[in-house]
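Structural overview
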Amino acid sequence: MRKIAVLLLAAAGVGLAGAASAADLGTAPIYRKAPPVQVFTWTGGYIGGYIGGAFGAEDVVTGVPLNGAGAPIFAGPAASYGYNSSVIGGYTSGYNYQFAPNWVIGYEGETGYIGLKGSSAYAGSATSIATTRAEGLYSVWAARFGYAFDRSLIYVKGGAALVDFETGVSNGTAGTHIDTMHTKYRLGYAIGGGWEYALDNKWSVKAEYLYLGFDNNITTTGNFTGPPTQVWTTTSLPGIHTAKVGLNYKFDMLGYVLGIVR
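Quick caveat, the model's predicted, so the values are computed rather than measured. (Residues numbered from 1 in each chain as written. Predicted model: local features only at pLDDT ≥ 70, side-chain atom pairs only at ≥ 80, totals over all residues. Heavy atoms only, no water.)

From N to C terminus, the protein chain includes 2 helices and 13 strands. Taken across its 262 residues, the protein chain has 38% of its residues classed as buried. If you take every contact in the protein chain between residues at least 6 apart in sequence, the share linking residues at least 24 apart comes to 69%. Surface accessibility of the protein chain: about 14600 Å² in total, with carbon and sulfur atoms responsible for 65%. (Helix = DSSP H or I, 4+ residues; strand = E, 2+ residues; numbered from the N terminus. Buried < 20%, exposed > 50% of the residue type's maximum accessible area, 1.4 Å probe, protein only. Contact = heavy atoms within 4.5 Å. Areas by Shrake-Rupley, 256 points an atom, 1.4 Å probe, with all protein chains shown as cover.)

Once that is clear, we can look at the packing of aromatic side chains. Per the counting criterion, the structure on display carries 9 aromatic pairs. Judged by centre distance (6.2 Å) and plane angle (10°), the rings of Tyr 97 and Phe 99 are stacked. Among the aromatic residues, ring-to-ring pairing joins Trp 103, Phe 145 and Tyr 147 into one connected group. Its guanidinium or amino end placed over the ring of Tyr 155, Arg 144 lies 4.3 Å from that ring's centre, counting from NZ or CZ. (Phe/Tyr/Trp six-rings, centres within 6.5 Å; stacked < 30°, edge-to-face > 60°. Lys NZ or Arg CZ within 6 Å of the ring centre and 35° of its normal.)

The next thing to look at is the side chain of Asn 96. As for its position among the elements, Asn 96 is in strand 4 (residues 86-99). A relative accessible area of 3% places Asn 96 in the buried class. Here the side chain of Asn 96 touches Arg 144 through a polar contact of 3.3 Å, side chain to side chain. Excluding anything up to four places from it in sequence, Asn 96 contacts Trp 42, Thr 43, Gly 44, Tyr 46, Val 104, Ile 105, Gly 106 and Arg 144. (Polar contact = N/O pair within 3.5 Å; in protein donor to acceptor, adjacent residues only side chain to side chain.)

As a further point, take the pattern of salt bridges. Inspection of every chain in the model, using the stated rule, returns 11 salt bridges. The salt bridge partner of Glu 108 is Arg 144, with a shortest N-O separation of 3.9 Å. In this pair, Glu 108 is assigned in strand 5 (residues 103-122) and Arg 144 in strand 6 (residues 125-149), connecting sequence segments 36 residues apart. For Arg 144, a relative accessible area of 4% corresponds to the buried category. Across the salt bridge formed by Arg 144 and Glu 196, the nearest N and O atoms sit 3.2 Å from each other. One end of the pair, Arg 144, is in strand 6; the other, Glu 196, is in strand 9 (residues 182-198), with 52 residues separating them in the sequence. When sorted by exposure, Arg 144 lands in the same class as Glu 196, which is buried. Overlapping salt bridges, with partners in common, bring together Glu 108, Glu 110, Arg 144, Lys 157, Glu 196, Lys 206, Glu 208 and Lys 244 in one network. (Salt bridge = Lys/Arg side-chain N within 4 Å of Asp/Glu carboxyl O.)

Here Asn 84 shows up in the loop between strand 3 (79-81) and strand 4. The spatial distance from the C-alpha of Asn 84 to the C-alpha of Arg 133 is 9.7 Å, given a sequence separation of 49 residues. Ignoring anything within four residues of it in the chain, the contact list for Asn 84 reads Ala 54, Gly 115, Leu 116 and Lys 117.

The biggest cluster of nonpolar side chains holds 31 residues, and the ones touching the most others in it are Tyr 138, Val 140, Phe 165, Leu 212 and Ile 240. Secondary structure elements with two or more residues in this core: strand 1 (44-56), strand 3, strand 5, strand 6, strand 7 (152-171), strand 10 (203-213) and strand 11 (217-224). Examining the composition of this core, we find that 5 residues originate from one element, strand 6, more than from any other. In contact with Tyr 138, other than residues within four places in its own chain, are Tyr 50, Ile 88, Glu 110, Thr 111, Gly 112, Tyr 113, Ile 114, Leu 162, Val 163 and Leu 212. (Core = buried A, V, L, I, M, F, W, Y, C linked by side-chain atoms within 4.5 Å.)

Encoded structure:
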């Protein structure tokens, strides 16, 4: 009996020693996988708004009204006059794709308001006024190509521009009525560039310069207290400088759709 008690005490001693040793070693560490580092990318669609200013690149030139035979109805040179400056503002939308690994290509459309105006009397007829307005809604559709570093994107941009012009000659003097004023949208080109900076993974700010070019003339016809009863004028349109700042919100619609499919 005494031997059995001794054996039991020895076994208990060994168990206590093992428990103490395990306590000294502590609980085995649990290793967790570190969360992946989120890398910023410009890839995705975006929408935004902008505000800025516009002014003419050079003077508008409107010729003296001509009759059907091509002869001027009064003497003197063409009217030359500049646009006033204008505030512009509107919204943008587009899509970027980043590749290889710092280059970015994309598309951007913008629609906004512009309000350039200019007019001048003729030296040969003080009551005849030549007027040109680039006023109302305008649009630009352009491709973008740029280089990204850190959260900055430097890009160039080029495409087509559509602006509504009203131009012609008017004279409301009794007995000398002239009216060749007409409104028409003109298709031109847009070229420029800018800098965009990502504030976080969704929001970015930008500063951009864009030139809107219209390398063509507008010919408008109208009435004259003749004879002749119909006259026409030709106006040479200058380009338009624009500068703006904007705020964009980025979203990855393609990634969202693929996530739903999965």
